[in-house]
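# Tertiary structure, described
Chain by chain, the residues:
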Amino acid sequence: MNIILPDNSVKVLPDTSTGLNLAQSIGPRLAKEALAVKVNGALRDLLLPLPENASVEIVTFDSEPGKSVFWHTSSHILAQAVQELFPSAKIAIGPAIENGFYYDFDVDHPFTPQDLLAIEKKCKEIMDAKTPLKRIECGVDEARSYFSGKSEPYKLDLLGDIEGSPSMYEQGTWRDLCRGPHLPNTGYVRAIKLLSVAGAYWRGSEKNKMLQRIYGISFPKQSMLDEHMRLLEEAQKRDHRKLGKELDLFSFHSEGAGFPFWHGNGMLLYNAIMDYCRSEHRSAGYQEVKTPMILNEELWRKSGHWDKYRDNMYFTTIDEVVHAVKPMNCPGGLLIYKNSPHSYKEFPIKYCEFGLVHRHEKAGVLQGLFRVRQFTQDDAHIFCLPEQIETQIDKVIDFIIHIYRTFGFSDYTMELSTRPDNYIGALEIWEKAENALKQVLDAKKYSYKINAGDGAFYGPKIDFHIKDCLGRSWQCGTVQLDFSMPERFELEYTDAAGQKKRPVMIHRALLGSMERFLGILLEHYGGALPLWLAPQQVRIIPISEKFIDYAHNVQTQCIAAGLRSEIDDRPEKMGYKIREAEVKKIPCMVIVGEKEAEAATVSIRYHGKGDLGAQPLESFIEQVTAEVNGKGLLQTNPRVGG
Ligand SMILES: [Zn+2]
Ligand SMILES: [Zn+2]
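Residues numbered from 1 in each chain as written. Chains lettered and ligands numbered in written order. Predicted model: local features only at pLDDT ≥ 70, side-chain atom pairs only at ≥ 80, totals over all residues. Heavy atoms only, no water.

## A few points about the nonpolar core
Counting residues in each nonpolar core, the largest one holds 82 residues, and the members touching the most others are I273, I393, I397, F407 and L481. Counting residues per element, this core draws most heavily on helix α13 (residues 389-406), at nine residues. For L481, the contacting residues outside a window of four places in its chain are I389, I393, A433, A436, L437, Y458, G459, P460, V504, M505 and I506. (Core = buried A, V, L, I, M, F, W, Y, C linked by side-chain atoms within 4.5 Å. Buried < 20%, exposed > 50% of the residue type's maximum accessible area, 1.4 Å probe, protein only. Helix = DSSP H or I, 4+ residues; strand = E, 2+ residues; numbered from the N terminus. Contact = heavy atoms within 4.5 Å.)

What follows is the structure, encoded as structure tokens:
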């Protein structure tokens, strides 16, 4: 039989060969790493016979589908282990997720940490047994009678949703209702860790019973699990909510769930980011605008938000007219555009707005600065001629990359999201817009992933994901092309022939949510921010109260140079003050005593670098100011130590 490989070469194999046979024919290493196969694009079990003339790709743990198959099988191992130890437990669902897997169980008592250890041990026994997983194609009736025999109400409930014939997977005497595919046997999973237990409603609805969800992670090698656990521990240390408290940056209060409170240090950091972004926008030819936070219902109906986005919006009534608190800044930008006539000669017109928006999120999903109900977008709307689209998109992409680099993120990926089901506007316009975005990405040879159906309701978009020092990926910037809003708002310009035409609109944000970006930044640097961003850049510590005057002299010079500084004149021991400045991750400490006061010098300590000796005050100020202006990453090292 012939099999077509991803490079379009043809492999001749004996009839009824499986995916594993194919991997073996390519090489022993691939055969060892193969987990499943993609047959004509569809993921399938490794040990099933391949169809003649199929295009086949071997799937390993390195890929997203490989991990998903691996973790899905791990969830079956977990469910079998739970039912062996707790025979009365009922099984619900157990998918692979972004980082690992979970399984939901209906049990009388919540699982304890001891239970988790016992379950993990049982999982390892099941893994060691290397039990094959067998796919069973069956009819609905057969599956129904199997799961009613086992008294599994949740599986019976799920069977009601299945169109066509279901399938089951069997490992030893244990079975699950499952589409698959799965690993050939339980022994492929070499290392497993059960991480936590949480309550979860059946089918996610509060009307249903609360189940117990066990989260876990697994790998083909113990060393990979060890590395994962190390990164997880590092991530916990760097949790921005923890750092926010330690560095006194922000807080949350029950009086306004999901609404951050910014403290003095937090505002210094917030404004350092804002000042930089403002000046970059000015250089790039943007006009900064500010539009109202509350606008009437009619406007939101016109923009389409009322129809498509109402569930995420907050409302209030003014003079008996319903108004909405803005979830996005676009309609305000459109009204400014419409306020005066425009000629083609003005294009592109670029309005930027640091717009405070409110979006409703369920209480359960709020998470520090990452998921809030109120945030500021570094938003902008670019109005341009159709023939300017590519150039403008290209400029925005360059702008985004430039800004990320300054913040110390050099690793980023792009995703192109196309027309969603709830789109507005004409199909033909969507195609034009999607092609325009593709063209820009292809012309610059950017590699990107396509998210089919994930675009905004008014147009396709390119999303930017930045990778932090722990290898985690965060969605930040976005560029969205929109032919629909100008239509709905009847935007016009006069072309060279004096004709009225519709401009094109581009929505874009570089950092996305300022709040969320700040959280990412804190975690990336573990709180030890680069000098230019640090809320307090220089802490001046006099050796005793005799030198407070000189300390003030040093501070005056720092202030004159635009440096953020403070004096620690508390009657505490030196060692204590130095340790505290280290804990607060202040980049520069200067210590002043008799020698320094007489010679007009300062003794310098940089965060994490210890004592660097004395330096003339003037040259210290010069050096630190140059460092701040250069926005360098000196003195900080976000990489996680081995
Ligand atoms: Zn399954
Ligand atoms: Zn917009």
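Still more to cover.
## Quick word on the sheet that holds strand β29 (residues 538-542)
The mixed open sheet is built from five strands, whose spatial order is β30-β29-β31-β32-β33. Among the strands making up the open sheet, the edge pair consists of β30 (565-567) and β33 (610-616). Averaged over all adjacent pairs, the angle separating strand axes in this sheet is 25°, with direction ignored. Note that strand β32 (residues 601-606) and β33 share five bridges and pair antiparallel. Its bridge partner being in β33, Y606 is matched across the sheet by G610. Against the sheet, helix α18 (residues 574-583) contacts β29, β31 (588-592) and β32, and its axis sits at roughly 175° relative to β29. Contacts from helix α20 (residues 617-629) reach β29, β31, β32 and β33, with the element oriented near 115° to β33. (Pairing = 2+ DSSP bridges. Axes fitted to C-alpha atoms, helices over the stretch in contact; angles between N-to-C directions.)

## Things to note about the environment of F70
One can find F70 in helix α3 (residues 64-85). Each C-alpha atom of the pair F70 and F219 lies 7.9 Å from the other, and the pair is 149 residues apart in sequence. For F70, the contacting residues outside a window of four places in its chain are L35, F61, L183, Y188, V189, S218, F219 and P220.

## A closer look at a nonpolar patch on the surface
There is a patch of nonpolar side chains on the surface, built from M293, I294 and I318 and spanning about 220 Å² of accessible area. With respect to the element layout, I294 can be found in strand β17 (residues 294-296). (Patch = residues over 30% accessible without salt bridge, like charges linked within 9 Å, V, L, I, M, F, W, Y side chains within 5 Å. Areas by Shrake-Rupley, 256 points an atom, 1.4 Å probe, with all protein chains shown as cover. Salt bridge = Lys/Arg side-chain N within 4 Å of Asp/Glu carboxyl O.)

## Overview of unusual backbone geometry
Geometrically, the link from G180 to P181 is a cis peptide bond, its omega value of -5° lying close to zero. Mapped onto the elements, P181 comes out in the loop between β11 (174-177) and β12 (191-201). Residue P348 is bonded to the preceding F347 through a cis peptide linkage, with omega at 0°. Residue position: P348 is located in the loop between α12 (330-338) and β20 (349-358).

## Observations regarding the coordination of the zinc ion (ligand 1)
Reference geometry at the metal: tetrahedral coordination by four donors gives ideal angles of 109.5 degrees; octahedral coordination by six donors gives 90 or 180 degrees. Bound to the zinc ion (ligand 1) are the protein donor atoms H72 (NE2), H76 (NE2) and C178 (SG), situated 2.0 to 2.3 Å from the metal. Expressed as a motif, the donor residue spacing for the zinc ion (ligand 1) is H-x3-H-x101-C. One end of the pair, H72, is in helix α3; the other, C178, is in the loop between β11 and β12, with 106 residues separating them in the sequence. (Donors = N, O, S within 2.8 Å, 3.2 Å for Na, K, Ca; no water.)

## Re the sheet that holds strand β24 (residues 461-467)
Read across the open sheet, the eight strands follow the order β16-β20-β21-β28-β25-β24-β22-β23; overall the sheet is mixed. This sheet does not close on itself; its edge strands, each paired only once, are β16 (287-288) and β23 (448-451). Note: β16 against β20, two bridges, orientation parallel. Paired with E288 across the two strands is C352, which belongs to β20. α13 rests against β20, β21 (374-384), β22 (412-417), β24, β25 (473-482) and β28 (504-513) of the sheet, and its axis sits at about 10° to β28.

Just distances and angles here, no functional claims.
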